[in-house]
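Residue strings, one per chain:
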Amino acid sequence: MFKNLPDYVEDPILGLFDAYRADVRTRKVNLGIGIYCDEDGRVPVLASVRAARERIDGTEPCIYLPTEGLPGYRNAVRELVFGGATTDLQERVVTIQTAGGTGALRIGAEFLASTNTKPQICMPDPTWVNHQAIFQAAGFEVSHYPYCTPDGRFDIDGALATFKALPAGTVVLLHPCCHNPTGIDPSREEWGRLLDAIAQRALLPFFDMAYQGFAEGLDDDAWAVRECARREMPCLVASSYSKNFSLYGERVGALSIHAPGLEVAKVLGQLKVIVRRSYSCPPAQGAMLVATVLQDVQLHAQWRAELDGMRLRMLGVRASLHALLTRELPDADLSFLTRQRGMFSYSGLSGAQIERLRSRHGVYVVSSGRICIAGINASNIAQVCEALVETGFKPR
Ligand code: LMR
């Protein structure tokens, strides 16, 4: 029994995180998994979330949530993603609570696969390491569009050329902000051209928004999603509250489906069928915290300020890293560090350099060369710079 199972191939991000945790060196630095740490190197417990926890703790028995999640959470999240009031949105957007952003992607993928006998998706190259596996597991055929030019910009021409050759109905995976792994985002003008092409070819956008608030701010970061809705184009949005609420382990996410003329009850019904057979209903605690914060005027404002603080700290880290490395590598073009946005920076480090960073310096970087900027702080930045220089890091 179970003799013919394939060997386990470790996930490149989670496997690296395990290796980091097992490393007994004290001067190790985690620039691998996308987890935001504060200036003291700690994963923050946001004051707004702590206040919400005090309000809800012990007051309710822990019964099952509805299959589609907490009503207050679903309304608050829908407003955060699409901007506007629930009363205006509920006719054309169905939002369900999911087990993290990953759960939203998987439920969305299954929903789309159930409506199409030969589902196809086109995703950026590169993209988050788990995207391909999630959609393939749901029965999708996966293709890619080019994402970066050799000089580290968004490859608008490559993306448009690919979109224009896709069959109608193909799902297009888009990162509305803080592209993972590159940190390179299209400009608004480029988003406009992408959405034009998507509409012309009758493609279906599926936005994966895991970092809302980490690039320019909550509203700016959702611009592409809201522009899609403003144009009355159908789309799906997977959103995650792991990073912007610092609630990674609570698995707080949502799937929203936007379509003008949407048969809301039918779509919701099919999503409930898929959730019920997958995990029955989502976990309660994280969604209660997020809903409590978002629905309370003061906590909401406090959370926005805390989120701004995280965003500004990452910008500061980018500037400091740029300044320190420029001193060591005066001839290198390091502008990518301050141009890219969000948690990640795509460094161009080679496999050998990444290996040496880890074995010799205890600095953990994902095999794609993605650096998690949010793991850097005043006490480890010199170590990171020295390690990068020592490995012979030569940016593009
Ligand atoms: C990442 O990209 O590091 C995060 O989204 C965490 C994960 O699950 O991969």
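Our subject is the structure that appears above.
Attention here is on the structure that accompanies the text. (Residues numbered from 1 in each chain as written. Predicted model: local features only at pLDDT ≥ 70, side-chain atom pairs only at ≥ 80, totals over all residues. Heavy atoms only, no water.)

Here we take up the site of the ligand. Neighbouring residues of the ligand: Ile13, Ile33, Gly34, Trp128, Asn180, Tyr211, Lys243 and Arg370. Arg370 places a side-chain nitrogen or oxygen 2.8 Å from an oxygen atom of the ligand. Surface burial for the ligand is 81%, taken as the share of its 260 Å² of free accessible area covered by protein chains. According to the grid-proximity analysis, the pocket containing the ligand is the largest pocket. Of the residues belonging to the shell around the ligand, the class tally is 4 nonpolar, 2 polar and 2 charged. (Near = heavy atom within 4 Å. Polar contact = N/O pair within 3.5 Å; in protein donor to acceptor, adjacent residues only side chain to side chain. Areas by Shrake-Rupley, 256 points an atom, 1.4 Å probe, with all protein chains shown as cover. 1 Å grid on protein atoms, 1.4 Å probe; cavity = no way out; pocket = protein on both sides within 12 Å on 5 of 7 lines; lining within 4 Å. Sits in = over half its atoms within 2 Å of the grid points. Nonpolar A, V, L, I, M, F, W, Y, C, P; charged D, E, K, R; others polar.)

It is worth spelling out the pattern of salt bridges at this point. Scanning the model with the defined rule gives 21 salt bridges in all. Note that Arg313 is salt-bridged to Glu39, the shortest N-O span being 2.7 Å. Within this pair, whereas Arg313 is found in helix α13 (residues 297-328), its partner Glu39 is found in the loop between β1 (29-31) and α2 (47-56), the two being separated by 274 residues in sequence. Residue classification places Arg313 among the buried residues on the basis of a relative accessible area of 12%. Several salt bridges share partner residues, and in doing so they unite Asp196, Glu227, Arg230 and Arg231 into one network. (Salt bridge = Lys/Arg side-chain N within 4 Å of Asp/Glu carboxyl O. Helix = DSSP H or I, 4+ residues; strand = E, 2+ residues; numbered from the N terminus. Buried < 20%, exposed > 50% of the residue type's maximum accessible area, 1.4 Å probe, protein only.)

Backbone torsion omega between Asp125 and Pro126 reads 10°, so that peptide bond is classified as cis. For Pro126, the position within the fold is in the loop between β3 (120-125) and α6 (131-137). With an omega dihedral of 25°, the bond running from Asn180 to Pro181 counts as a cis peptide bond. Looking at the secondary structure, you find Pro181 in the loop between β5 (171-174) and α8 (188-200). We note that Phe2 has phi near 55°; this positive angle belongs to a residue other than glycine. For Phe2, the position within the fold is in the segment before α1 (12-22). When its relative accessible area of 63% is taken as the criterion, Phe2 is described as exposed.

As a further point, take the pairing of β5. The alternating pattern of β5 places Val171 and Leu173 on one face and Val172 and Leu174 on the opposite face, and all of these are buried. Both β3 and β5 contribute to a ladder of 2 bridges, which runs parallel. Bridge pairing in β5 places Cys122 opposite Val172. Here 4 bridges tie β5 to strand β6 (residues 204-209), and the two strands are oriented parallel to one another. The residue of β6 that forms the bridge with Leu173 is Phe206. Read from β5 through α8 to β6, the crossover connection turns out right-handed. (Pairing = 2+ DSSP bridges. Right-handed = clockwise from strand over helix to strand, strands pointing away.)

Helix packing geometry: the angle between the two helix axes and the distance between the axes. Relative orientation of the contacting elements helix α5 (residues 100-114) and helix α11 (residues 264-278) amounts to 120°, with a least axis distance of 10 Å. Between α5 and α11, the angle falls in the class oblique. In terms of crossing hand, the pair formed by α5 and α11 is right-handed. For the pair α5 and α11, contact is made by Ile107, Glu110 and Phe111 and by Val267, Gln270, Leu271, Ile274, Val275, Arg277 and Ser278, respectively. By residue class, the composition of the contact of α5 with α11 is 6 nonpolar, 2 polar and 2 charged. (Axes fitted to C-alpha atoms, helices over the stretch in contact; angles between N-to-C directions. Parallel < 35°, antiparallel > 145°, perpendicular 65-115°, else oblique. Left-handed = near helix turned anticlockwise from the far one by under 90°. Contact = heavy atoms within 4.5 Å.)

Right, let's get into helix α12 (residues 285-295). Within α12, 8 of the 11 residues are buried, leaving the element largely enclosed by the surrounding structure. What α12 keeps buried is the set Gly286, Ala287, Leu289, Val290, Ala291, Thr292, Val293 and Leu294. Residues of α12 that are buried in the fold lie against α2, α3 (71-82), β2 (93-99), β8 (252-258) and α13.

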